[in-house]
Amino acid sequence: DPFIETQIATATDRTHIHQALRNPLNALPGPWHAKFTTLPGVLATLSKQQAQHYHALHARFGPLVRTGPRQVFAADLDAFRAIHRVGGRFRKADYYHYFGTTEAGRPPYGLFQMTDPADHARRRKLLGAGFTATALRGEWEDMVVGKVEAAVEGMRREAMLDDEGEVDVRKWWNLMACDVISTIMFGKSFDALKAGRKDPWFDAVMVANQAAFAALSFPWLYEVIKRLPVIGNAPFFHAHKALMGKGKAAVKNSRQKWDSNDGSSSSSGANLFAKVLREADPEEGGRLTDADIAVEAGSFMIAGTDTTSNTLTYLVWAVLSHPDLQAALETEVWETFQDPSLISDAALEKLPILHAVIEETLRLHGAAPMPLPRIVPPGGVELGGYHIPGGTEVATQAWTMHRDPRFYTDPERFDHTRWLPGGECTTSEAARAAFAPFGAGSRGCIGKQLAYMELRYGAAVFFRAFRGCRLAPSATPESMLMDNIVLIEPRGKVLKVVLPRAAGDA
Ligand code: HEM
C-alpha cells in the first residue's frame, strides 16, 4: 500500500537522529527541537494560536527560522517574493490536500487544494474569468447588494426585539457571505439570511475539518482507527460524504442555460459553472467532471464564507473602537450617497476613508494570515543567506509580514491614515510589497475582488444605516482577541453592537 509506505518513510525520517544531525538546515536559527519534530507548531495550532506561534519564533530567531526537521519559516521580502513569484517553481505543500470536501487528503482536488502547477494553471484559467471585478460587477453585483441589505435589515430587526438594542453583527455578516457564495456556486442561495442561521452543511464542514486535521497531524492513528469496527463508522470519518452529496446541486445547475443571472431563486438557477462550461473551449471545459464541480462548489463555500465575514466583523470592531474614525466614515458614506441609488461598487471603490479602513483591517485582521507552506524546488535555493535544500517545506505568513516594524511604523496600531494619500502605505514600496492579506502570485486568492465587493458594500451600507451605533458592553478587547487555526475568529465568537433606536429609517 503506497500510503502505508509513505507513512513509514515519513516516520523514519522524523526519528532517525543521525540523519537529523547531518541536515544542512542545522545552520539555520531556530529552537533546538526543530531538528526533530514539528509537534510544537501542531500543538499551538490545536490551541488556536497558529500564526502567533510562528510569529513568536520570528521575534526570537529572526526572519528565517527552522521550525521542523524539513520545515522553515521566512519573513523577508526577498524570500517572500522568491517563494510566491508567478512562474516560480515553489509548489504548494501536500498539506493543502486536506482542506477539501473529499475524504481527508484524497482527490479529486479543487483549485485551492491542487499542488501540481500545471493542473492548477488549467483550472485557474477556467474559473478565473468569472472572478474579475468586471465579471462580478456585470453578473453578481445586484445579488450582492440584495444580500448585504438583507443582512443589515436582519440586524435592525434583531436589535429592535432586543431589550438593550443589541445585535450580533458577526452572525449576520456570516449569513450574508454564505448566501452570496452559495448563489454563485450552486445557482441558488442556501437562504441562510432567511432562516436566520447557518446551513447545517457547515456542521459537516466543521467535522470534516477536524477529521482532516487529525489525518494530517496523526496519520497513523487516523488510518488505524478509521479501519476499526464500530468506531470507524463514526460521523467523524464520513462527514465528507454529506458535503459531496450537497455538491450534486451545483452539478445540476451547471447544466442550466446561462443568461444574466440575477441570483434570485426565480432566475434560471444557472451557476458560475454554467457560464464556465459554456465559454470554455470544449477540450478545457471537458476537464471539469461532475465530481470536480461538486468539489469546487464546496471548497469555494469554505474559502468564501468565514473569510469575508470575519474580516467585516473586525472592520466594524476597529471602526467602533475609534470614535473619530467612525464619525468620519459615517459622514463619508452618508454625504456621498444621500441618494442611495447612487451606491455602486465602482463608486464605493473611490471613497478614501472606506478604502483605508478596509486595507488597515486586512493588514491587522485579515481573515487568513496563516502560514502558506510551499515546497522548495529540486536543487534547492538561497534564502536569507542560507542554502535551503530541495524538498524542504518553506512557509510565509501575512500575520508576521503585516506586523514587521521594518515595513510599518508602530505596526500593532490600527491606523487607517497609513492608507490615505501621502500615508506610508502609498509611499513606501516595502509597505506595499509586504501587504499580502490575499496571498500572492499564481496561488493568490481568486475571490479577492468578490471579497472587496462584499467588504465595501457591507461597511458602507452598515455605517450609512446605523449612524451613531456603538459597541455593546460584551464587546471587550478580550472577547475580540484573535484565535487562529488557518482562519482567525474572535475569541468571544460574537460581536455585539448596540444600534440606535430609529436605525435604518434613513
Ligand atoms: C477577506 C476575505 C478573504 C481572504 C482574507 C482570503 C485569503 C486568501 C489567501 C491568503 C489565499 C491564499 C492561500 C494560499 O496561498 O495558501 C486565498 C486563496 C483562495 N481563496 Fe481567498 N480569501 C478571502 C475571500 C475569498 C472568497 C470570497 C472566495 C470565494 C470566491 C475565496 C476563494 C479562494 C480560493 C478558491 C483560493 C485558492 C486560489 C488558488 O489556489 O488558485 N477567498 N484566499
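Source: prediction; values computed, not measured.

Thoughts on the overall build of the protein
Secondary structure summary: the protein contains 24 helices and 12 strands in total. Taking 2.2 N^0.38 as the reference for a compact globule, 506 residues should give roughly 23 Å; the C-alpha atoms of the protein span a radius of gyration of 23 Å, in line with that estimate. Reported as C-alpha extents along the three principal axes, the dimensions of the protein are approximately 70 × 50 × 45 Å. In the protein, of all internal contacts separated by at least 6 residues, the share reaching a separation of at least 24 is 72%. Put simply, the protein shows about 21,700 Å² of open surface, and 58% of that area lies on carbon and sulfur atoms. In the protein, the 56 positive side-chain charges and the 57 negative ones have mean positions that sit 5 Å from each other.

Brief notes about the coordination of the iron atom of the ligand
Within the protein, a single donor atom binds the iron atom of the ligand, namely Cys-445 (SG) at 2.3 Å. Here Cys-445 shows up in the loop between helix H23 (429–433) and helix H24 (448–465).

Describing the site of the ligand
If you check the shell around the ligand, you find 27 residues, and the closest are Tyr-96, His-120, Arg-124, Arg-374 and Cys-445. Between a nitrogen atom of the ligand and a main-chain N or O atom of Ala-303, the distance comes to 3.4 Å. Within the side chain of Arg-443, an N or O atom sits 2.9 Å from an oxygen atom of the ligand. Every element with two or more residues in the shell around the ligand is listed here: helix H6 (117–128), helix H16 (290–304), helix H17 (306–320) and strand S5 (371–375). Partitioned by chemical class, the residues of the shell around the ligand number 15 nonpolar, eight polar and four charged.

Notes on the environment of Lys-48
Position of Lys-48 among the secondary structure elements: in the loop between helix H3 (39–46) and helix H4 (50–61). Relative accessible area serves as the criterion here: at 30%, Lys-48 is assigned to the partly exposed category. In this structure, the C-alpha to C-alpha distance between Lys-48 and Val-486, residues 438 residues apart in sequence, is 8.8 Å. Setting aside anything within four residues of it in sequence, one finds Lys-48 in contact with Asp-483, Asn-484, Ile-485, Glu-489 and Lys-493.

Describing the sheet that holds S5
Reading across the sheet, the five strands line up as S1-S2-S8-S5-S3 and stay open at both edges, with mixed pairing between neighbours. Edge positions in the open sheet fall to strand S1 (64–68) and strand S3 (91–92), since each of these has one partner strand only. Bridge analysis of S5 against strand S8 (residues 393–397) gives five bridges, and the strand direction is antiparallel. The partner of Leu-372 across the bridge, within S8, is Thr-396. Helix-sheet contacts for H4 involve S1, strand S2 (71–74), S5 and S8, and the interaxial angle to S1 is about 130 degrees.

Side note on the pattern of salt bridges
The full count for this structure, using the stated rule, is 32 salt bridges. The partner of Arg-122 in a salt bridge is Asp-119, and the shortest N-O contact between them spans 2.9 Å. With Arg-122 and Asp-119 both in helix H6 and three residues apart, this pair spans about one turn of that helix. Overall, Asp-119 belongs to the partly exposed group, its relative accessible area being 34%. One continuous salt-bridge network, built from bridges that share partners, spans Glu-103, Arg-106, Glu-223, Lys-226 and Arg-227.

Description of the side chain of Thr-102
Examined against the element boundaries, Thr-102 turns out to sit in the loop between S3 and H6. According to the relative accessible area criterion, Thr-102 is buried, its value standing at 10%. Side-chain polar atoms of Thr-102 contact the backbone oxygen of Arg-106, separated by 2.6 Å. If near-sequence neighbours (up to four positions away) are discounted, Thr-102 is found in contact with Pro-107, Pro-108, His-240, Met-244 and Val-295.

Overview of the layout of surface pockets
Size it by volume and the second largest pocket reaches roughly 400 Å³. Grouping the constituent residues of the lining of the second largest pocket by class yields 13 nonpolar, six polar and five charged.

Side note on H16
Side chains of residues three or four places apart in an α-helix project in the same direction, reflecting 3.6 residues per turn. Its 15 residues place the ends of H16 21 Å apart at the C-alpha level, agreeing with the 21 Å of an ideal helix rising 1.5 Å per residue. Along H16, 11 of the 15 residues are buried, which leaves the element largely enclosed by surrounding structure. For H16, the elements touching its buried residues are H6, helix H9 (169–186), helix H11 (201–217), helix H13 (239–254), helix H14 (272–279) and H17.

As for the packing of aromatic side chains
All told, the structure shown has 17 aromatic pairs when counted by the stated rule. Ring centres of Phe-462 and Phe-463 lie 5.0 Å apart, and the angle between their planes is 80 degrees; on these two criteria the pair is classed as edge-to-face. Take Phe-463: its relative accessible area is 0%, and that puts it in the buried class. Taking the centre distance of 5.1 Å and the plane angle of 75 degrees together, the rings of Phe-462 and Phe-466 count as edge-to-face. Taking the relative accessible area as the measure of exposure, Phe-462 reaches 0% and is therefore buried.

About the thresholds
- Residues numbered from 1 in each chain as written.
- Predicted model: local features only at pLDDT ≥ 70, side-chain atom pairs only at ≥ 80, totals over all residues.
- Heavy atoms only, no water.
- Helix = DSSP H or I, 4+ residues; strand = E, 2+ residues; numbered from the N terminus.
- Rg over C-alpha atoms; globule rule 2.2 N^0.38 Å.
- Contact = heavy atoms within 4.5 Å.
- Areas by Shrake-Rupley, 256 points an atom, 1.4 Å probe, with all protein chains shown as cover.
- Lys, Arg positive; Asp, Glu negative; His and termini not counted.
- Charge placed at Lys NZ, Arg CZ, Asp CG, Glu CD.
- Donors = N, O, S within 2.8 Å, 3.2 Å for Na, K, Ca; no water.
- Near = heavy atom within 4 Å.
- Polar contact = N/O pair within 3.5 Å; in protein donor to acceptor, adjacent residues only side chain to side chain.
- Nonpolar A, V, L, I, M, F, W, Y, C, P; charged D, E, K, R; others polar.
- Buried < 20%, exposed > 50% of the residue type's maximum accessible area, 1.4 Å probe, protein only.
- Pairing = 2+ DSSP bridges.
- Axes fitted to C-alpha atoms, helices over the stretch in contact; angles between N-to-C directions.
- Salt bridge = Lys/Arg side-chain N within 4 Å of Asp/Glu carboxyl O.
- 1 Å grid on protein atoms, 1.4 Å probe; cavity = no way out; pocket = protein on both sides within 12 Å on 5 of 7 lines; lining within 4 Å.
- Points joined across faces, edges and corners; volume = space filled by probe spheres on them.
- Expected span 1.5 Å × (residues − 1).
- Phe/Tyr/Trp six-rings, centres within 6.5 Å; stacked < 30°, edge-to-face > 60°.

These values are about where atoms sit, not about what they do.
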